[in-house]
Amino acid sequence: MKLKAIRSLWSGAKKVGATIKSARAERSNKILELKRLQAKNYVATISDETWNKISTTVFEQKGEPKSIFLEKLHKFKQGYDACGITMPKDVLEAYNQIERKATIFADRMILAKSKGKAPKKYWDFGKRFRENNQEAFDKLEKFVKEQQDNSLARWHDVAFNQPYDEAAVKRAQEAFTMINTNRIDLNWLPHYELYNTKIGEVAPEIIKKGQTFYHGTTHQRAITKNGFHLKPKKGQAAMGSRELGEGVYLTPDKKVSSKFAGPFGGIIHTKVDTKKVAVVNNSQLEHISRGLSKNLSRDRISEPATMELLIKELFQRNGYNAAYTREALGSGIFSQKELVDKLAGGKQSQLVVFDPKDITILGKTLKDRLSNQKMQFENLINMPKMLYQIIKEKRSAI
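Residues numbered from 1 in each chain as written. Predicted model: local features only at pLDDT ≥ 70, side-chain atom pairs only at ≥ 80, totals over all residues. Heavy atoms only, no water.

This part is about the nonpolar core. Residues Ile199, Leu244, Ile288, Leu292, Leu296, Leu310 and Phe315 are the most contacted members of the largest nonpolar core, which totals 30 residues. Put simply, the parts of the chain that give this core at least two residues each are α1 (2–44), α2 (48–58), α11 (285–295) and α13 (304–317). At 7 residues, the largest contribution of residues to this core is made by α13. Beyond its immediate chain neighbours, meaning those up to four positions away, Ile199 contacts Val58, Phe59, Glu60, Ala278, Val279, Val280, Gln284, Ile288, Phe315 and Tyr320. Residues Phe76, Tyr95, Ile98 and Phe137 belong to the second largest nonpolar core, which totals 25 residues. (Core = buried A, V, L, I, M, F, W, Y, C linked by side-chain atoms within 4.5 Å. Buried < 20%, exposed > 50% of the residue type's maximum accessible area, 1.4 Å probe, protein only. Helix = DSSP H or I, 4+ residues; strand = E, 2+ residues; numbered from the N terminus. Contact = heavy atoms within 4.5 Å.)

Working definition: an aromatic ring pair is given by the centre-to-centre distance plus the angle between the planes. Within this structure, the stated rule accounts for 14 aromatic pairs. Between Tyr80 and Phe143 the ring centres are 5.3 Å apart and the planes differ by 50 degrees, which places this aromatic pair in the tilted class. Here the residue Tyr80 occupies a position in helix α3 (residues 68–82), and Phe143 occupies one in helix α6 (residues 134–159), the gap between them amounting to 63 residues. Phe143 carries the same exposure label as Tyr80, and that label is buried. Grouped by ring-pair contacts, the aromatic residues Phe69, Phe105, Phe125, Phe129, Phe137 and Tyr195 constitute a single cluster. A cation over a ring is seen here: Lys276 above Tyr320, with NZ or CZ 4.5 Å from the ring centre. (Phe/Tyr/Trp six-rings, centres within 6.5 Å; stacked < 30°, edge-to-face > 60°. Lys NZ or Arg CZ within 6 Å of the ring centre and 35° of its normal.)

As far as function goes, none of this settles anything; it's purely spatial.
Written as structure tokens, this is what we have:
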């Protein structure tokens, strides 16, 4: 009799527990939906003018120079040409050398950027560029100093000449003003002036038309039946926005997707209508955060649901229907991007698709299924060894 009562109490407690859990889940879903609705309403209030300001900060613009430094260099030369001041042969050779090397550097960096590569030790680029072309910089600086002294002397001489020549004085004054205002700080070259650091389009050989992308998940059956949705996981919604905003996160690397699937999940094969794909490296994340925080309320963008929608809207307004990243993203002292890459078994390349309608779920052959399952169980077997290696590396770094 007592056993029956205990079982009855236990059964009742389980039902109460299930009811509480269900109520919490429902409340959590309602809160998330409310936040998403609030985010949508806020984004709708932002003017086109504000979006354009943000876009200029974040994305490459048509007609922009390859680098700020090259633009300054060209204006510098044009100023002397306009005043009829000819550079001596050795100075012109120095100028041409700096221009040529700056163009090569900008082109190489822009190419690397289009492939998703993040620059290493970029804060030192200006110093190294100057050191590699030190003699040419010295000649240019010497020429500038001489022209400053000469222009002041010419202006002084013309101003006190008799008879007074007003046109000559004006020309001398204009030359003096140009030389002393149209200057380049050749001693300090910040890295962001040596190439266009903004977000641009991915190189065509990185993301190809008709390429297969993968999504590792424990919800394979539901996604295959109902398609992808844009809602974040509950944990993600609480912790912060996803790196590249609201979207479906895929990968061109099946090995990476197998890590997310785990041993008992599944790998979904997809095709994506890649109309125009942006490429984002880790150092470019600050362009997004800077552009948004500079033009919008910080209280608003601190809300994960709002931030996700803002990032998505920003990419779409600039014609991108997807964004590619070559490796895990993350910035600041709490960034775990290196750890994420190691756990993913390599660079965690991702393709974020902003509209699920651009994704087609593909069928899988028996060979695909067996290959996927083999990879997933190999991950499970190798996980202890991988974790041991990561811990060992962390300890040796301390």
